[in-house]
Amino acid sequence: MDIMRKYETLTSILHDMKKVVVAFSGGVDSTFLLKAAIDTLGKENVLAVTADSETYPTSELEEAVKLAEHIGANHQVIETSELAIPGYTENNQNRCYFCKTSLFDHLVPIMQEKGFRNIVYGVIADDMNEFRPGMKAAKEQGVRGPLQEADLYKNEIRELSKELGLPTWDKPSFACLSSRIAYGEKITQAKLTKVDRSEAFLKTIGLRQVRVRTHGEIARIEVEPQDMQKLLANHQRVTEKLQSYGYKFVTMDLVGYKSGSMNRALS
């Protein structure tokens, strides 16, 4: 199926939903989903909801607010706390299930109170081949993923986003800060802050797609292969800065950036 046929399938799915609450992070996928929903259903039938929590960087929240305004969406920001979810901080392989369950627990009352009919989120076709325990939580609560249902892949979503004039079309992929901490290590506010500050610093030297994976006292930096030389050229600054944030050892992963790389430890 070509990309425009898939987009028509997406709009048909959304049209049948009539009124939707969009779980909106400001990432590539949820931004495209929000835009498609508004274009299909009209502003009055769409509500974007962003959950502000310890695992969500302030910079991302600020960008989500600006993107919702740019699209012309009704937008609500709610306060949540992943660290307060039973079982979450233990950081086992079901961490994302606990997180998504809590998120949807917050969204269902909003949907019901405001008279909406469905909750949708930005799961995509690529995710079907990855370890995504959050999808179980969505299925349990009847939350749907129209992008995945329309068989849209990330590269197609970027292409369509560009055609629609969305500034996120080439935005680097993003995931919650907890995904940087090795499974089995307790998640704490101090660790999340350390990751957030480290990645923010690395972006100041011109690295767009970056992860600081945390293994105890070790920072394992992932960047795209073409940016490895830039990282090495700044190795002294990077080492000193990340050590000042609390890491004892600072390393670069020679495999490079890979979404969900912590899941390799589960196989």
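Residues numbered from 1 in each chain as written. Predicted model: local features only at pLDDT ≥ 70, side-chain atom pairs only at ≥ 80, totals over all residues. Heavy atoms only, no water.

Enquirer: Looking at this model, I keep getting lost on the sheet that holds strand E6 (residues 218-223). Mind explaining?
Expert: The sheet built from 3 strands is open, its strands ordered E5-E6-E7 with mixed pairing. One side of each edge strand has no neighbouring strand; the edge strands of this open sheet are strand E5 (210-215) and strand E7 (249-252). Neighbour-to-neighbour, the strand axes of the sheet open up by a mean angle of 25°, direction not taken into account. Judged from the 4 bridges that link them, E6 and E7 form a sheet pairing that is parallel. Residue pairing across strands places Ala219 opposite Val250, the latter belonging to E7. Packing against the sheet, helix H8 (residues 189-204) makes contact with E5 and E6, and its axis sits at approximately 145° to E5. Against the sheet, helix H10 (residues 235-244) engages E5, E6 and E7, with an angle of about 135° to E7. (Pairing = 2+ DSSP bridges. Helix = DSSP H or I, 4+ residues; strand = E, 2+ residues; numbered from the N terminus. Axes fitted to C-alpha atoms, helices over the stretch in contact; angles between N-to-C directions. Contact = heavy atoms within 4.5 Å.)

Enquirer: I tried to follow unusual backbone geometry on my own but got confused; where do I start?
Expert: The bulk of non-glycine residues show a negative phi, and the bulk of peptide bonds are trans. Despite not being glycine, Asn91 shows a phi value in the positive range, around 60°. Assignment of secondary structure puts Asn91 in the loop between strand E3 (74-79) and helix H4 (95-113). What makes Asn91 buried here is its relative accessible area of 0%. (Buried < 20%, exposed > 50% of the residue type's maximum accessible area, 1.4 Å probe, protein only.)

Enquirer: Would you mind showing me how to read the pattern of salt bridges here?
Expert: Pairing between side chains becomes possible if they bear opposite charge and their charged atoms approach one another. With the rule as written, the count across this model stands at 13 salt bridges. With its nearest N and O atoms 3.0 Å apart, the salt bridge here joins Lys6 to Glu156. With Lys6 in helix H1 (residues 3-17) and Glu156 in helix H7 (residues 154-163), this pair connects stretches of sequence that are 150 residues apart. Glu156 shares its class with Lys6; the two are buried. Salt bridges linked by common partners bring Arg213, Arg220, Glu222 and Asp253 together as one network. (Salt bridge = Lys/Arg side-chain N within 4 Å of Asp/Glu carboxyl O.)

Enquirer: Please clarify how the nonpolar core should be interpreted in this entry.
Expert: As a rule of thumb, nonpolar side chains are buried together in soluble globular proteins. In terms of nonpolar packing, the biggest core is built from 34 residues, with Leu10, Phe32 and Leu34 touching the most fellow members. Those elements that place two or more of their residues in this core are H1, strand E1 (20-23), helix H2 (28-41), strand E2 (46-52), helix H3 (58-71) and H7. The biggest single contributor to this core is H2, with 8 residues. Among residues more than four places away in sequence, those in contact with Phe32 are Tyr7, Leu10, Leu147, Leu152, Ile157, Leu160, Ser161, Leu164 and Leu166. Among the nonpolar cores identified, the runner-up in size contains 23 residues, and Cys99, Leu177, Val238 and Leu242 belong to it. (Core = buried A, V, L, I, M, F, W, Y, C linked by side-chain atoms within 4.5 Å.)

Enquirer: Looking at this structure, how should I read the UniProt feature "active site" (unreviewed entry) in the protein chain?
Expert: What UniProt calls "active site" (unreviewed entry) maps, in this numbering, to Cys176. Counting through the fold element by element, Cys176 comes out in the loop between H7 and H8. Contact partners of Cys176, with chain neighbours within four places excluded, come to Thr55 and Tyr88. (UniProt positions renumbered as here; feature names shortened; annotations may be inferred.)

Enquirer: What should I look at first to understand the pairing of E6 in this one?
Expert: In terms of burial, E6 is a largely internal element, 5 of the 6 residues being buried. Bridging between E5 and E6 involves 6 bridges; their strand directions are antiparallel. What sits directly across from Thr214, in E6, is Ala219. What sits between the antiparallel neighbours E5 and E6 is a turn of 2 residues, in which Gly216 has the positive phi angle 65°.

Enquirer: Any chance you could explain the layout of surface pockets here in plain terms?
Expert: Size it by volume and the second largest pocket reaches roughly 170 Å³. As for the second largest pocket, its lining consists of 14 residues, and the residues nearest its centre are Glu60, Lys171, Pro172, Lys203 and Arg208. Counting only elements with at least two residues in the lining of the second largest pocket, the list comes to H3, H8 and E5. Ranked by the residues each element gives to the lining of the second largest pocket, the list is headed by H3, at 3 residues. Grouping the amino acids of the lining of the second largest pocket by side-chain chemistry returns 3 nonpolar, 3 polar and 8 charged. Residues from two domains meet in the lining of the second largest pocket; each of domain 1 (3-164) and domain 2 (177-265) gives at least three. (1 Å grid on protein atoms, 1.4 Å probe; cavity = no way out; pocket = protein on both sides within 12 Å on 5 of 7 lines; lining within 4 Å. Points joined across faces, edges and corners; volume = space filled by probe spheres on them. Nonpolar A, V, L, I, M, F, W, Y, C, P; charged D, E, K, R; others polar. Domains from an automatic or database assignment.)

Enquirer: Got a minute to help me understand the environment of Gln112 in this structure?
Expert: Its location among the elements puts Gln112 in helix H4. With relative accessibility at 56%, the residue Gln112 sits in the exposed group. Considering only alpha carbons, one finds Gln112 and Ala37, 75 residues apart in sequence, at a separation of 19 Å.

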